[in-house]
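One-letter residues, chain by chain:
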Amino acid sequence: MAGANATNYGRPIIQVSHLSKVYSNDSVETVALADVSFEVREGEFVAIMGPSGSGKSTLMHILGALDTPTSGTYVLDGKNVGQLSRDELAAIRNKNIGFVFQAYNLLPRTTALKNVMIPMAYARVPKTERLKRATALLDRVGLGDRIDHASNQLSGGQQQRVAIARAMAMNPSIILADEPTGNLATAQGEEIIAIFQDLNDQGHTIVMITHEPYIAEHAKRTVFIQDGRIVKDTDSHTSKRAFVQKEH
Amino acid sequence: MEFFETLTTALEALKLNKMRTALAMLGIVIGIGAVIALVSLGQASQQTVQTQIQSLGSNMLTVSPGAQNSGGIRGASGGGTTLTNDDAKAIASSTQITTVAKVSPELSRRAQIIAGRNNENAQILGATPAYADVRKVTVSSGRFLSQQDVDGMQRVAVLGPTAISNLFPSGASPIGQSIRISNISFRVIGVTTSKGGTGFMNQDDIAIIPLTTAQKLVFGVNYLGSISIEAKSADVMNQARDQVGYFLLARHKITNPYQADFSIFSQEDILGAATQVTGTFTMLLSGIATISLLVGGIGIMNVMLITVIERTREIGLRKSLGARDRDVVSQFLAEAVILTVVGGFLGMIIGVGLSYIISSLMGLPFTLSLSAVILAIGVSGAIGIVFGLYPARKAARLSPIEALRFE
Ligand SMILES: Nc1ncnc2c1ncn2[C@@H]1O[C@H](COP(=O)(O)OP(=O)(O)O)[C@@H](O)[C@H]1O
Ligand SMILES: [Mg+2]
């Protein structure tokens, strides 16, 4: 996985340039993102930090193809996401990216196993294969003995681990997590971070929003956002690259 | 997703919210059940009245004494005295009248019948053997009146099944038994086959005796209550009516038909009047059925729309996990179709069961209105599918994050 460049990472997998997002509700305009440009390379573990309301979730939703920017371009793995059809976007959400929400977002009254199998159903994975993979994934996040529990019978930490297993269902190269430990006690948060750490060690690219500096320390790189702009990036390479692109 | 997969997902979603599923289904079941039961009952009662009237004989004309312009249908035992035995004989033997097959002179009154310790008040009908032909009466045991009975003014009686069960409740054969009608002794010679009917339509609570015996011995009159006439076929009914009418006018020496001292009506006249009454009844029931269909439909609509918030979030979640628009829409379509099919089936069973139970309690024949079934399933199916699918289509067009945040 060693890259050709000096920082020892792979090729750029996420490239955003001059991204902006403006919400207009009832003639009130909120600028959530203003001219954001940066890159994430394969195998990176990026922490995104910033005050509440600074635009972190907005950026994450655009990166996850869950929302569209007002302007700017987003190139994912060489494909310009803005030019993809609705079905192609669905395929990206299904196969390329696993998204972990702060509020877990599991299907209620549905077992852990069935929740993890949902993305595989949309990918037409055969039933027996689905069962095998989902069981293995739940085992991997330490819930091997809870696969038949309904999602609402699990603790917050357990629900988040089911959500991570679900995000891993199609073995995506990128995992995006929006404050995955925000609703959890410190001990449970540590367990969740350990799982992300483990996934990163196996080569998955991880971008995670967090409020806790101790969690950000696990990341190899931290991007600070304020008022919809990147104010600090511990990796200088990205800002240079974005600048070069702008010159073209 | 594949078809079977979509169906499983839809079934799981329906199981996930049992209350919503049950309420939506209840709306469909009530709508369909009520429409089928009510319309079927209306049609059954209409059909009953029709078959009862038709069982009197479809080629039959009835000549009643009394003025034509008094309008409407008069009772068979109306007070007129203008029809005589000679009128009946003349109609039967006339060469001018070519369209008449049989002529049955009749005299009918109510009187007390006594058999041992049992007695009842029943219809006493004086008739000739022609009555059996014209009114399509057959005997289940014994025999009907013969010409000799009439000519010899015999004191013999043919009883209807209801009269038999009232007078001879023991079940022993009544043939040869003695009964008293207006204190005159008669011998029972036959029992007629049941013609059905209830209340005023009951044609089975009757004692048929020779016309001559009825006129001279029992009631002491020499006129007729009515003359029943069988036309040669249903096609010549109008001709038969004209021929008999003008023949009687001439016999009674009346020149202005509007001053006739008799009236002639056919089964069709009675049928028309009765159909009008039962038709109104059916329309009333259909009205009630339409309202229940509407109420059921609004029920389905409410349940489908009330859960839109929860369902929109589910759609957002599924889309964030890779569901395409068509996956979402087909899941919701499958849910709506399952709801409608299962609810429609239950509603049909309940509707058919209800109309079966009620019609057997009311002594009506069991009829199933196919048009009501189609209408009910069509309307509630359309409502279920439209209101199940419309919010889903709208939600599927939102971005996943908009759908997840929907409130
Ligand atoms: N759907 C929306 N409609 C209007 N404004 C929004 C919406 N989502 C977010 N915002 C606004 O955009 C800004 C950035 O929000 P968000 O990305 O959620 O911030 P963060 O995740 O950093 O707390 C905030 O001012 C927020 O109020
Ligand atoms: Mg946020």
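This text goes with the structure placed above it.
Computed from a predicted model, the values in this text were never measured in an experiment. Throughout, residues of each chain are indexed from 1 in the direction in which the sequence is written. Labels are handed out in written order, letters beginning with A for the chains and numbers beginning with 1 for the ligands. Local features are withheld for residues below a pLDDT of 70 in this predicted model, meaning they are given only at 70 or higher, and side-chain atom pairs are given and counted only at 80 or more; totals for whole chains, interfaces and linings count all residues. With hydrogens and water stripped out, all remaining heavy atoms of the structure feed into the side-chain values.

**Observations regarding the environment of B:Asn121**
Only DSSP runs of H or I with at least four residues qualify as helices, and only runs of E with at least two residues qualify as strands; both kinds are numbered from the N terminus onward. Position of B:Asn121 relative to the elements: it lies in strand β3 (residues 118-127). What qualifies as a polar contact is a pair of N or O atoms within 3.5 Å, subject to a donor-acceptor requirement within protein and to the restriction that residues adjacent in sequence count only when both atoms come from side chains. Polar side-chain contacts of B:Asn121 include one of 3.1 Å to the side chain of B:Arg110.

**Description of the interface of chain B and chain A**
Contacts are residue-level and defined by heavy atoms, with any inter-residue pair within 4.5 Å sufficient. Taken residue by residue, the interface counts 28 residues in chain B and 25 residues in chain A. A quick way to say it: buried area is the sum, across both parts, of accessible area lost when two parts are put together, with a 1.4 Å probe. Buried surface at the junction of chain B and chain A, summed over both partners, amounts to about 2400 Å²; 52% is from carbon and sulfur atoms. It is B:Leu16, B:Leu321 and B:Ile401 in chain B that bury the most area against chain A; as a group they hold 26% of the surface buried on that side. Here, a salt bridge means any Lys or Arg side-chain nitrogen found within 4 Å of an Asp or Glu carboxyl oxygen. Counting the contacts that link chain B with chain A gives five salt bridges. In this structure, B:Arg326 and A:Asp87 form a salt bridge, with 2.4 Å as the shortest nitrogen-oxygen distance. Here the side of chain B that touches chain A gets six residues from one element, more than from any other, and that element is helix α10 (residues 308-320) of chain B. Here the nonpolar group is Ala, Val, Leu, Ile, Met, Phe, Trp, Tyr, Cys and Pro; Asp, Glu, Lys and Arg are the charged ones; every other residue, Gly included, is treated as polar. Per-class residue counts for the side of chain B that touches chain A are 10 nonpolar, five polar and 13 charged.

**Considerations on the environment of B:Leu145**
All names here are of chain B. Mapped onto the fold, Leu-145 is located in the loop between β4 (139-142) and α5 (147-151). Separated by 18 residues in the primary sequence, Leu-145 and Ala-127 have C-alpha atoms spaced 8.2 Å apart. With residues near it in sequence (within four places) discarded, Leu-145 still touches Ala-127, Pro-129, Val-156, Val-158, Ile-189, Ile-208, Ile-209 and Pro-210.

**With respect to the sheet that holds strand β1 (residues 12-25) of chain A**
All names here are of chain A. Here four strands make up an open sheet; going across it, the order is β2-β1-β4-β5 and the pairing antiparallel. The open sheet has two edge strands with one neighbour each: β2 (28-41) and β5 (79-80). Only when DSSP finds a minimum of two bridges between them are two strands counted as paired. Bridge analysis of strand β4 (residues 71-76) against β5 gives two bridges, and the strand direction is antiparallel. What sits directly across from Val-75, in β5, is Asn-80.

**Digging into a nonpolar patch on the surface**
Every patch collects residues that have over 30% relative accessible area and no salt bridge, joining them within 9 Å if they carry like charges and within 5 Å if they are nonpolar side chains (Val, Leu, Ile, Met, Phe, Trp, Tyr). Residue burial considers only the protein chains on display, and all accessible areas are found by Shrake-Rupley using a 1.4 Å probe. Taken together, the side chains of B:Leu333, B:Val337, B:Val341, B:Val342, B:Phe345, B:Leu346 and B:Ile349 define a hydrophobic patch exposed on the protein surface, amounting to about 570 Å² of accessible area. The residue B:Leu333 is located in helix α11 (residues 325-361) in this model.

**Considering the nonpolar core**
In terms of nonpolar packing, the biggest core is built from 50 residues, with B:Val63, B:Ile91, B:Leu159, B:Ile179, B:Ile181, B:Ile227 and B:Val244 touching the most fellow members. Excluding its chain neighbours within four sequence positions, the residues that come into contact with B:Val244 are B:Val63, B:Ile91, B:Ile97, B:Val100, B:Ile229 and B:Ile264. Among buried residues, those of type Ala, Val, Leu, Ile, Met, Phe, Trp, Tyr and Cys that are joined through side-chain atoms within 4.5 Å constitute a nonpolar core. Here the term buried applies to any residue with accessible area under 20% of the maximum for its type, exposed to any over 50%, and partly exposed to those in between, with areas from a 1.4 Å probe on protein chains only.

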